[in-house]
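Structural characterization, general
Chain by chain, the residues:
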Amino acid sequence: MAIFSRRRFCGSASAFLALPAFAAGDERGILVTAAQAAKLRSGAAPDAVRRNAGAALKAGPWTVTSQRPDNVSAGPNDYYSEGPYWWPDPKNPKGPYIRKDGERNPGRFQANRRDLGDMCSAVLALGMGAYLLGDRACGEHAARVLATWFLDPKTRMNPNLEYGQAVRGINTGRGTGLIDTVSMIHAAQGVWLLEQAGMLGRALGDGVRQWYADFLKWMTTSKKGLDEKKSGNNHATWWTAQVAAYATLTGDEAVKAMAWEHYRGYLVPEEIRQDGSCPREEARTNSLGYSNMNLDAFAVLCRIAGTNGVRLWEFGTAQGIGVQRPFYYLLPYLLHPENWKKQQISKFSADGTVWPGLAGVGLQSQRLLEAYRTLPRGNSPWVQLVDLVINSR
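Presented here is an overview of the structure given in this document.

Basis of the calculations
Residues numbered from 1 in each chain as written. Predicted model: local features only at pLDDT ≥ 70, side-chain atom pairs only at ≥ 80, totals over all residues. Heavy atoms only, no water. Helix = DSSP H or I, 4+ residues; strand = E, 2+ residues; numbered from the N terminus. Buried < 20%, exposed > 50% of the residue type's maximum accessible area, 1.4 Å probe, protein only. Expected span 1.5 Å × (residues − 1). Phe/Tyr/Trp six-rings, centres within 6.5 Å; stacked < 30°, edge-to-face > 60°. Lys NZ or Arg CZ within 6 Å of the ring centre and 35° of its normal. Salt bridge = Lys/Arg side-chain N within 4 Å of Asp/Glu carboxyl O. Disulfide = S-S within 2.5 Å. Polar contact = N/O pair within 3.5 Å; in protein donor to acceptor, adjacent residues only side chain to side chain. Contact = heavy atoms within 4.5 Å. Axes fitted to C-alpha atoms, helices over the stretch in contact; angles between N-to-C directions. Parallel < 35°, antiparallel > 145°, perpendicular 65-115°, else oblique. Left-handed = near helix turned anticlockwise from the far one by under 90°. Nonpolar A, V, L, I, M, F, W, Y, C, P; charged D, E, K, R; others polar.

This brings us to unusual backbone geometry. A cis amide bond links Gly60 to the next residue, Pro61, at an omega of 0°. Relative to the helices and strands, Pro61 is located in the loop between helix H2 (47–57) and strand E3 (86–87). Phi is positive for Asn71, which is not a glycine, with a value near 60°. Mapped onto the elements of the fold, Asn71 is located in the loop between H2 and E3. Asn71 gets classed as exposed once you look at its relative accessible area, which sits at 80%. Positive phi, normally seen in glycine, also occurs at Gln364, with a value near 55°. Residue placement: Gln364 occurs in the loop between helix H13 (355–363) and helix H14 (366–374).

See the structure below:
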């Protein structure tokens, strides 16, 4: 595992722009290589990039310490969230919560989860603004945001998820909580873009990488992390995609190799059936949504492997099962969700879906690419970056 010096955070945000970060020359940038990123920058940046960067400049910084839950054992710097599908038991209001799959409890503690998502989205938006627009204000504000969330001892998040998706009366946290941190892939990509733009100083860049290295160690060694690794559904796929992204950012070659092998030896053979279905997703009350979410994870993982020079798109088991099957299995229902016959209790929206585009590029499939172009597109920085990657191939 790559090791980074633990420099104490001090000084103004502008101080972190004085020197280029240690890994600014790294060719591998999660969704893009340095050469691919340069191609993105050679074209005109879409208006959405400017809008997202402008909005991010007016927001944050965020911290897990600003809002805390009542009557829990988590410390002030511990990330805390509660499982969305768990509710008070009407037959035993003071007893353990009960599960209602697909029905979100609006009364659960959500502040840390919301702030984490907003922080990650902002870091990516600022990274895109810094790299694609050359806006130094984006670099300066990103430094404040990153230092507050990752480095300042008074406000930083501890690099673990011991208290993620807790269930009242049952546990203080579960491996399931790692689904909350999928957006940290976006922040990691933003950090890399800031470095490529020369707008993230060495101390801050090394400090954030050390945080990710510590979090990655927790993910791959703790009981909760290992539970998620073998969860057998989209959580395991997103666990692997996160591991691949964070290992790419930190330069951990051994962990990256483990992620590729986990895809070949566990995810594909355990999650995918001969017809391309993923039964664990189809058993849910929002089965189309979860099936779609799982394929996003598979596509992001395969894309990250590609930037690291590893081809996972074409891998197949001895039985001929590979990730191509679920892509083509789900595609007709993604385009016409009204034809999906399994349970979907919430309205399905494809505006944040990325897998047909990433898989279309990875597999050189015009069918997938044409389908991607018909989907409604959201304006989030992540969707905008994926659109840029696909349109500039």
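The terminal C-alpha atoms of helix H5 (residues 184–196), which comprises 13 residues, lie 18 Å apart, in line with the 18 Å expected from a rise of 1.5 Å per residue. Immediately downstream of H5, the backbone of Gly198 shows phi near 70°, a positive value.

The subject of this paragraph is the packing of aromatic side chains. Applying the stated rule across the entire model yields 14 aromatic pairs. Ring geometry for Phe215 against Trp218: centres 6.1 Å apart, planes inclined by 20°, an arrangement best described as stacked. Here Phe215 pairs with Trp218, and both are found in helix H6 (residues 202–221), just three residues apart, close to one helical turn. Both residues of the pair, Phe215 and Trp218, belong to the buried class. Grouping aromatic residues by their ring pairs yields a cluster made of Phe150, Trp211, Tyr212, Phe215, Trp218 and Tyr246. The ring of Trp87 carries the charged tip of Lys100 above its face, separated from the ring centre by 4.9 Å. Its guanidinium or amino end placed over the ring of Trp340, Lys342 lies 5.2 Å from that ring's centre, counting from NZ or CZ.

Secondary-structure assignment places Ile321 in the loop between helix H11 (287–307) and helix H12 (324–335). We classify Ile321 as buried; its relative accessible area is 9%. Between the alpha carbons of Ile321 and Val300 there is a distance of 19 Å; along the sequence they are 21 residues apart.

Under the counting rule described, the total for this entry stands at 13 salt bridges. Here Arg113 ties to Asp180 by a salt bridge, and the two come within 3.9 Å at their closest N and O atoms. Remark: Asp180 occurs in the loop between helix H4 (136–151) and H5 and Arg113 occurs in helix H3 (residues 111–133); sequence separation between them is 67 residues. For Arg113, a relative accessible area of 31% gives the class partly exposed. Residue Glu195 pairs with Arg209 through a salt bridge whose shortest N-O separation is 2.5 Å. Separated by 14 residues along the polypeptide, Glu195 in helix H5 and Arg209 in helix H6 bring together distant segments of the chain. Its relative accessible area of 1% is what places Arg209 among the buried residues. Salt bridges here are not isolated pairs; linked through shared partners, they connect Arg28, Glu253 and Lys256.

Let's shift gears to the state of the cysteines. In this structure the tally under the stated criterion is zero disulfides. Free cysteine Cys278: the closest other cysteine sulfur is in Cys302, separated by 12 Å. Given a relative accessible area of 8%, Cys278 falls into the buried group.

In this section: the side chain of Asp180. The exposure class assigned to Asp180 is buried, which follows from its relative accessible area of 4%. Within the local environment of Asp180, its side chain forms a polar contact with the side chain of Tyr79, the two groups lying 2.8 Å apart. Polar side-chain contacts of Asp180 include one of 3.0 Å to the side chain of Gln165. When sequence neighbours within four positions are dropped, the list of residues in contact with Asp180 reads Tyr79, Ser81, Arg113, Leu116 and Gln165.

Attention shifts here to the packing of H4 against H6. The contact between H4 and H6 brings their axes to 10 Å, and the two run at 40°. Regarding the angle of H4 to H6, the classification is oblique. As H4 runs across H6, the sense of the crossing is left-handed. Only Leu204, Gly207, Val208, Trp211 and Tyr212 of H6 make contact with H4, whose side of the interface consists of Ala143, Leu146, Ala147, Phe150 and Leu151. Classifying every residue of the contact of H4 with H6 gives nine nonpolar, one polar and no charged.

Topologically, Lys154 is positioned in the loop between H4 and H5. Judged by its relative accessible area of 71%, Lys154 is exposed. Once residues lying within four places of it in the same chain are set aside, the contact partners of Lys154 are Thr65 and Asn77.

Take it as geometry only, folks, not as evidence of what the structure does.
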